[in-house]
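# Structure at a glance
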Amino acid sequence: MATKLMQKFVDSYDDAGQQDAGCVRAVLAEFVLTFLFVFTVVSAAMGAGSSATPGEATPMATLAAVALANALAAGVLVTAGFHVSGGHLNPSVSVAMMVRGHLSKLRTVLYVTAQLLASSLACVLLRYLTGGMVTPVHALGAGIRPMQGVVMEVIIIFSLLFVTYAMILDPRSQVRTIGPLLTGLIVGANSLAGGNFTGASMNPARSFGTGLPTGDRSEERRGGKGCSLRWPPYYLKKNNRMT
């Protein structure tokens, strides 16, 4: 049983790079799973009222609530999609699988594309459903420089990938069948650890979706000439932090 699930996670393809018959289903699964994940965690951050003041730390109670949403959503959705596509939900995981030779280049491109599109759709829908609320973006905390933020994100992404390999891909692991569910724990822990410093993204797709340009018609309502477009650069803006 565990071996069959593992084959779904690491993909099967021949030397010519031909994708197996389940490729379309797997890509669609990644789209649906990533959409549900981003929709859940971003709406949780919006509902929790993450700080919109530049450099202001998110209260630990709020941070813990958002981290719990991240942990539950990641654990459950990865488990739900594990037997179909591997339940990556994250371009970092897909690229790591490709680098280690577990995933073909074509399928990696399809996975990442599906993940980015799903995240974008989830955030656009959230803006519509919430009456135009701005989706909180990942941003640096007070006193954190861009390079420091990058190093911290690299470390927490490494911890996520390390746990993924140790619990799911390592044939010596004793928890391979429940490994996908347990990965949610490291996602939640990292959210708590890095939330007030970098936003603890760990997921480029999630950051991409929340950073899309949004139409803000507040200027128009005040008599301005039109709506403004904002694309918050990752790690450069310090407002609307999302944990």
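Residues numbered from 1 in each chain as written. Predicted model: local features only at pLDDT ≥ 70, side-chain atom pairs only at ≥ 80, totals over all residues. Heavy atoms only, no water.

Our next topic: helix 2 (residues 23–48). Helix length check: helix 2, at 26 residues, gives a terminal C-alpha distance of 37 Å against a target of 38 Å (1.5 Å per residue), a fit within 8%. Where helix 2 terminates, the next one or two residues include Gly-49, which has phi positive at roughly 70°. (Helix = DSSP H or I, 4+ residues; strand = E, 2+ residues; numbered from the N terminus. Expected span 1.5 Å × (residues − 1).)

The next subject is unusual backbone geometry. At Ala-200, a residue that is not glycine, the phi angle is positive and equals roughly 50°. By the secondary structure assignment, Ala-200 is in the loop between helix 7 (179–194) and helix 8 (204–210). Unusually for a residue other than glycine, Met-202 sits at a positive phi of about 65°. As for its position among the elements, Met-202 is in the loop between helix 7 and helix 8. With a relative accessible area of 3%, Met-202 lands in the buried category. (Buried < 20%, exposed > 50% of the residue type's maximum accessible area, 1.4 Å probe, protein only.)

So, about the packing of aromatic side chains. When we look at a pair of aromatic rings, we describe it by the centre distance and by the angle of the planes. Evaluation of the coordinates by the stated rule reveals two aromatic pairs. A centroid spacing of 5.9 Å and a plane angle of 25° characterise the contact between Phe-35 and Phe-39, whose relative ring orientation is stacked. Taken as a pair, Phe-35 and Phe-39 lie in helix 2 at a separation of four residues, close to a single helical turn. Assessed through its relative accessible area of 17%, Phe-35 is described here as buried. (Phe/Tyr/Trp six-rings, centres within 6.5 Å; stacked < 30°, edge-to-face > 60°.)

It is worth spelling out the nonpolar core at this point. The biggest cluster of nonpolar side chains holds 39 residues, and the ones touching the most others in it are Phe-37, Val-38, Val-42, Leu-89, Met-97, Val-187 and Met-202. Residue assignment for this core shows that the elements contributing at least two residues are helix 2, helix 3 (60–81), helix 4 (91–99), helix 5 (105–129), helix 6 (146–169) and helix 7. With ten residues, the top contributor of residues to this core is helix 2. The contacts of Phe-37, once residues within four sequence positions are left out, are Asn-70, Ala-73, Ala-74, Leu-77, Leu-89, Asn-203 and Arg-206. (Core = buried A, V, L, I, M, F, W, Y, C linked by side-chain atoms within 4.5 Å. Contact = heavy atoms within 4.5 Å.)

Turning to the side chain of Thr-210, a few remarks are in order. Considering the arrangement of structural elements, one finds Thr-210 in helix 8. Look at Thr-210 and you get buried, because its relative accessible area is 3%.

Moving on: the environment of Thr-79. Structurally, Thr-79 can be placed in helix 3. With relative accessibility at 36%, the residue Thr-79 sits in the partly exposed group. Of note is the side chain of Thr-79, whose polar atom sits 2.7 Å from the backbone oxygen of Gly-75. (Polar contact = N/O pair within 3.5 Å; in protein donor to acceptor, adjacent residues only side chain to side chain.)

A word on empty space enclosed by the protein. Taken as a whole and assessed by the stated rule, the structure comprises one cavity of 30 Å³ or more. There is about 230 Å³ of room inside the largest cavity. In this structure, the largest cavity is lined by 19 residues; those nearest its centre are Val-78, His-88, Asn-90, Leu-160 and Val-187. Put simply, the parts of the chain that give the lining of the largest cavity at least two residues each are helix 3, helix 6 and helix 7. (1 Å grid on protein atoms, 1.4 Å probe; cavity = no way out; pocket = protein on both sides within 12 Å on 5 of 7 lines; lining within 4 Å. Points joined across faces, edges and corners; volume = space filled by probe spheres on them.)

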